[in-house]
Amino acid sequence: MTTLPGRFPGGLELEGHKSLANQCPIRFAGLPPRLLFPLRQRNGENARALVSIGDLVRRGSVIAGGNQSLDPPIHASSSGRVIAIEDHGMAHPAGISSRCIIIETDGLDESIAALPALDTTHCSPESLLDRLHEAGIVGLGGAGFPTAAKLLKGKTAIDTLILNGAECEPYIACDDRLLRERANEVLQGAALLQRCLGCRTTLIAVEGDMRLAWQALKAAQSAGDFDFIQIIQVPSRYPAGGERQLIQLLTGREVPSGALPAAIGVICQNVATVAAIYRAAAHGEILDSRIVTVTGAGVQTPQNLEVRLGTPIGFLIEQCGGYTGQAHGLIVGGPMMGYTVNSDAIPVTKPVNAILVTGAGSPATIPDPQPCIRCGACAEACPASLLPQQLYWHTHAQQLQRALDYHLLDCIECGCCDAVCPSHIPLVHEFRQAKQASLSQQRARDSAAHARMRFEARQARKEQEQRDRELAAQRRKASLGGHASPKIQEALERARQKRAKQNESLASETTHNDP
Amino acid sequence: MTHNPLPVERRFTHDLSSRVTAGHQVRDVMWAVIAALVPGLLALIWQSGPGVLVQCSLAVASALIGESMALKLRSRPARPSLNDLSAMVTAILLGLSVPGLAPWWVITLGTLFAILLGKQVYGGLGCNPFNPAMVGYAILLVSFPQEMTHWPAEPVGLGETLHAIFGEMDSHRPDALAMATPLDASRTPPAMGHSTATPGGLVPASHSDSWVNLGYLLGGLWLLRRKLIDGRISAGVLAGLTACALGFYLEDSSRYPSPAFHLFSGATMLAAFFIATDPVSAATTPRGRWIYAAGIGVLIYVIRTWGGYPDGVAFAVLLMNLTAPTLDHFTRPRAYGHPR
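Quick notes on the rules
Residues numbered from 1 in each chain as written. Chains lettered and ligands numbered in written order. Predicted model: local features only at pLDDT ≥ 70, side-chain atom pairs only at ≥ 80, totals over all residues. Heavy atoms only, no water. Helix = DSSP H or I, 4+ residues; strand = E, 2+ residues; numbered from the N terminus. Buried < 20%, exposed > 50% of the residue type's maximum accessible area, 1.4 Å probe, protein only. Contact = heavy atoms within 4.5 Å. Areas by Shrake-Rupley, 256 points an atom, 1.4 Å probe, with all protein chains shown as cover. 1 Å grid on protein atoms, 1.4 Å probe; cavity = no way out; pocket = protein on both sides within 12 Å on 5 of 7 lines; lining within 4 Å. Points joined across faces, edges and corners; volume = space filled by probe spheres on them. Nonpolar A, V, L, I, M, F, W, Y, C, P; charged D, E, K, R; others polar. Buried area = accessible area lost by both parts, 1.4 Å probe. Salt bridge = Lys/Arg side-chain N within 4 Å of Asp/Glu carboxyl O. Pairing = 2+ DSSP bridges. Domains from an automatic or database assignment. Polar contact = N/O pair within 3.5 Å; in protein donor to acceptor, adjacent residues only side chain to side chain. Phe/Tyr/Trp six-rings, centres within 6.5 Å; stacked < 30°, edge-to-face > 60°. Lys NZ or Arg CZ within 6 Å of the ring centre and 35° of its normal. Axes fitted to C-alpha atoms, helices over the stretch in contact; angles between N-to-C directions. Core = buried A, V, L, I, M, F, W, Y, C linked by side-chain atoms within 4.5 Å. Patch = residues over 30% accessible without salt bridge, like charges linked within 9 Å, V, L, I, M, F, W, Y side chains within 5 Å. Parallel < 35°, antiparallel > 145°, perpendicular 65-115°, else oblique. Left-handed = near helix turned anticlockwise from the far one by under 90°.

Draft legend 1. Quick peek at the overall build of chain B. Broken down by element type, chain B carries 16 helices and 0 strands. For chain B, the proportion of its 340 residues judged to be buried stands at 53%. Long-range contacts, defined as pairs at least 24 residues apart, comprise 78% of the intrachain contacts of chain B with a sequence gap of at least 6. Put simply, chain B shows about 15,300 Å² of open surface, and 66% of that area lies on carbon and sulfur atoms.

Right under this line is the structure:
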């Protein structure tokens, strides 16, 4: 391993548990009886369903569209009939449910016509971005950020493209298998991206213990014309594959707090995303499946499956021989950054890279949280150089502003602090909630400011209208007094005379009545 | 419409128990601290007899009773707090610090003060701003200077020990049982006719204090090796003390004892590896810990040299405990992505 330009503080050397799932080739999971497509988008709103109950759809049909969202459209991943559009649990850290389009598959797996292939050596960057949106490409590393939006975001020139194959989280092996089996697609995608971004340097990072993946990349590199791509091994130290940590390792640069990597001229893409980009461009393929690692002591035959999006987790477990007797907990993602879900009926969505079924008692069940003894182990382990114990102190006391002063928002939720805490305090859980609270406070402030602006604008408009009305009235009056038309003058004269007569008769009546 | 057979949904509970753990547990840390005190304890027994064992037992018993009572008053479950063994560590540290022949009520009162006023009134483990053992020690030292400053000059048998501890309060104590410590002697100017305990030499072999300190050093190094305490704090305390001692020693070696004397006298090693390293009351940031520890080292020297107490550890630690929140505030590390 060559010396890298940078290193990151903290982190942990964790047992990988990768060999559970990375021994056999990626296998197609098959078509489940039902597919579920959550409509919830990243901004919290629902995408508009473009189908109704009873409609027949085919593989690749657009069934819901982003309404003014960055999120790309949602495609059906097999053919069948829409049987319901209703609320259903989805894979989400907060355990929320979403409106879902539920499709009963017909087993025929008929597709609509594929998108036309792009010329990957000459297509314009704009046409690629359009294609990525159209093909539903989002980040497959776990965050699920729309790729077209990510590539478009860079106002500053991008000089470095980083392909993230450093799968640092224990148990997860989908990128490892992808690199071993489809290294060429990844390199093709890298070449395409480098050309469209116009960047000088392209790096692919794999962890030091992913030897076979590294060999596969090297082989694909020498087979094709990919000498401009550097394949780099990074230490197997969690979280080397965290976006910010990987950038730090490979470039020695830090992404400024609150900014995106593009701010320092770097774009980071997960290797699976890059392979999907290539397939969307070169073959017109829509992103309707992904590789999912199904693993853990609670699964009979852990392995990597090629899974149609929308497939319920339970179906995947079945394909892996079912649960073992000791199956205990269900985690989406890995043991460090993943989150528990309460049902295996929830479907696989694009960011779901692994399903971990833990076994009871392994690792030893963690006792209840104890008081923080401020030992500082969390601060030593934090790759972002935060002080988790101080953050915890403030978030626990609901002092959100103080927590923000301690850089709450710079927490990458990697879970290192959780792992080393001698008191087993669920720190990241606490921080996630605090972040959420801060976000909703911000939203409330924004919407209050918005409402005030609207109110003030309305007031101003009303005052203006009032002024306009008065002005108009004045103008009318002035125009009447001045040079009104003779007809009106006559009419006014008549009215005046009439009024005068009436007054006279009224006056005489009163005098007559006077005794 | 006929539906395909659906797999039966399996439900799971949300629990965090399957997370990775890569660290120690509080209870294990406390056990290790107790184990690491054993070499020093043995040296202490060798130096002054089994009194220290009696003191430690009394302390542990009072601590457990005091903590249970406080938890009951606070309507908190007793078991988790007693199980973390932190009260036991506090008690043993105090038991090691009081003179072996001090009457039973001294250590009992001290431990109760430590647990109740040093820890539980603030909300128990993790919330106390001061080192509980040092709170107890300081109260005892200020209140009962007579009982707290007289150490047996040579090992005392068990019978005599028990008699001294549990006997009548005004029972006659043979003068041979009590002597001034070398630290007391060192404070007295040489012109007065006394000789300082260490005219140079690495270890003041004249007094078995140094063996006790070696014992604590040994245990402390083992804790460091297991990464159970922060080496910055231990190194900082020793560095602060050594720097002061060296400066004055070089200036006038006839008036001021050598750094080696300071390092291996009194409670230096106990402070550096077992007392200042209590994370709850220490600063938490890396730089803050350096400053905190060096401050303790300097204060130990100052109190020893010019203060009126035999050893400065307790007050040095308590004074620096006061600064910990401020140190933490001003020594925050630069977080990722923030300007240098």
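Draft legend 2. Representation of the layout of surface pockets within the structure. Residue and element names in this part refer to chain B. Roughly 1,100 Å³ of volume is contained in the second largest pocket. Among the elements that take part in the lining of the second largest pocket, helix α5 (residues 86-97) stands out by supplying 4 residues, more than any other. Looking at the lining of the second largest pocket, its residues break down into 26 nonpolar, 10 polar and 9 charged.

Draft legend 3. Up close: the interface of chain B and chain A. Taken together, the contact pairs 47 residues of chain B with 65 residues of chain A. A buried area of about 5,000 Å², summed over both sides, lies between chain B and chain A, and 54% of it is on carbon and sulfur atoms. The interface formed by chain B and chain A holds 3 salt bridges in total. For the salt bridge of D328 of chain B with R374 of chain A, the shortest nitrogen-to-oxygen distance reads 3.7 Å.

Draft legend 4. Molecular detail of unusual backbone geometry. Residues and elements named next belong to chain A. For the bond running from Y238 to P239, omega is -5°, close enough to zero to count as cis. Looking at the element boundaries, P239 is found in the loop between β11 (229-234) and α5 (243-251). In this structure, R374 takes a positive phi of about 55° despite not being glycine. With respect to the secondary-structure elements, R374 resides in the loop between β17 (354-359) and α8 (377-381).

Draft legend 5. Representation of the pairing of strand β5 (residues 62-65) of chain A. Residues and elements named next belong to chain A. In this sheet, β5 lies alongside strand β3 (residues 48-49) in antiparallel orientation, the contact comprising 2 bridges. Each residue of the ladder has a partner; that of R48, found in β5, is G65. Pairing geometry for β5 and strand β6 (residues 74-75), over 2 bridges, is antiparallel. Residue pairing in the sheet places V62 in a bridge with H75 of β6.

Draft legend 6. The arrangement of the domain arrangement of chain B in detail. All names here are of chain B. For chain B, the assigned domains read domain 1 (26-179) and domain 2 (182-328). If you look at the interface, domain 1 gives 32 residues, while domain 2 gives 28 residues. Of the roughly 2,400 Å² buried between domain 1 and domain 2 on both sides combined, carbon and sulfur atoms contribute 78%. The tally of links between domain 1 and domain 2 comes to 0 salt bridges. Scanning the region where domain 1 abuts domain 2 turns up 2 residue pairs in polar contact (both at pLDDT 80 or more). Counting residues per element, the ones that place at least two in the side of domain 1 that touches domain 2 are α1 (26-36), α2 (38-48), α5 and α7 (132-143).

Draft legend 7. Looking closely at the sheet that holds β5 of chain A. In spatial order, the strands read β3-β5-β6 (chain A); together these 3 strands make up an open sheet with antiparallel pairing. At either margin of the open sheet sits one strand with a lone partner, and together these are β3 and β6 of chain A.

Draft legend 8. Highlighting the packing of aromatic side chains. According to the stated counting rule, one finds 8 aromatic pairs over all chains in the structure shown. Taking the centre distance of 6.1 Å and the plane angle of 65° together, the rings of Y216 of chain B and F274 of chain B count as edge-to-face. In this pair, Y216 of chain B is assigned in helix α11 (residues 209-225) and F274 of chain B in helix α14 (residues 268-275), connecting sequence segments 58 residues apart. Relative accessible area serves as the criterion here: at 5%, F274 of chain B is assigned to the buried category. Relative to Y256 of chain B, the ring of F248 of chain B lies with its centre 5.2 Å away and its plane at 55°, an arrangement referred to as tilted. Pairwise contacts between aromatic rings join F248, Y256, Y301 and W306 of chain B into one cluster. Over the ring of Y323 of chain A we find R10 of chain B, and its NZ or CZ is 4.5 Å from the ring centre. The ring of Y406 of chain A has R332 of chain B lying over it, and the distance from NZ or CZ to the ring centre is 4.3 Å.

Draft legend 9. Quick peek at the domain arrangement of chain A. The assigned domain composition of chain A is domain 1 (18-332), domain 2 (368-482) and domain 3 (484-515). Between domain 1 of chain A and domain 3 of chain A, the C-alpha centre-to-centre distance is 90 Å.

Draft legend 10. Broad picture of the sheet that holds strand β10 (residues 201-207) of chain A. Residues and elements named next belong to chain A. Taken together, 4 strands build an open sheet; the order of strands is β11-β10-β9-β12 and the sheet is parallel. Across the chains shown, the open sheet's two edge strands, defined by having one partner strand only, are β11 and β12 (266-270). Sheet twist, expressed as the average angle between the axes of neighbouring strands with direction ignored, equals 25°. Direction of pairing for strand β9 (residues 160-165) relative to β10: parallel, over a ladder of 6 bridges. Residue pairing across strands places I162 opposite L203, the latter belonging to β10. Sheet strands in contact with α5 are β9, β10, β11 and β12, and its direction is about 120° off that of β9.

Draft legend 11. Seen up close, the nonpolar core. If you look at the biggest cluster of nonpolar residues, it comprises 88 residues, and the most contacted ones within it are L96, Y216, L270, F274 and I296 of chain B. When residues are assigned to domains, this core turns out to be shared by domain 1 (26-179) and domain 2 (182-328) of chain B, each giving three or more. Setting aside anything within four residues of it in sequence, one finds F274 of chain B in contact with V33, A36, L37, L93, Y216, G219, G220, L223 and M269 of chain B. Ranked by size, the runner-up nonpolar core spans 52 residues in total, among them V186, V206, I229 and V274 of chain A.

Draft legend 12. Expanded view of a nonpolar patch on the surface. All names here are of chain B. Together, W104, L158, L162 and F166 make up an exposed nonpolar region whose accessible area comes to about 380 Å². Top contributing element to the nonpolar patch by residue count: helix α9 (residues 158-166), with 3 residues. Here F166 lies in helix α9.

Draft legend 13. View of the pattern of salt bridges. Residues and elements named next belong to chain A. Evaluated as defined, the whole model comprises 22 salt bridges over all chains. With its nearest N and O atoms 3.3 Å apart, the salt bridge here joins R237 to E13. A residue pair is termed long-range when its members are at least 10 positions apart, and R237 in the loop between β11 and α5 and E13 in the segment before β1 (27-28) qualify at 224 residues. You can call R237 partly exposed: its relative accessible area is 28%. With relative accessibility at 64%, the residue E13 sits in the exposed group. Ionic pairing is found between R308 and D109, a salt bridge with its closest N-O pair at 2.9 Å.

Draft legend 14. Molecular detail of the packing of α1 of chain B against α5 of chain B. All names here are of chain B. Remark: α1 packs on α5, axes separated minimally by 9 Å, with the N-to-C direction vectors making an angle of 20°. Considering their axes alone, α1 and α5 lie roughly parallel with respect to each other. Between α1 and α5 lies a crossing whose hand is left-handed. Here α1 contributes M30, V33 and I34 to the contact with α5, which in turn contributes S86, M88, V89 and I92. In the contact of α1 with α5, the residues fall into 6 nonpolar, 1 polar and no charged.

Draft legend 15. Geometry of the packing of helix α1 (residues 125-134) of chain A against helix α6 (residues 271-283) of chain A. Residues and elements named next belong to chain A. At a minimum axis distance of 10 Å, the contact between α1 and α6 shows a crossing angle of 105°. Taken as axis vectors, α1 and α6 run roughly perpendicular relative to one another. Only I277, A280 and A281 of α6 make contact with α1, whose side of the interface consists of L128, R131 and L132. Broken down by class, the residue content of the contact of α1 with α6 amounts to 5 nonpolar, no polar and 1 charged.

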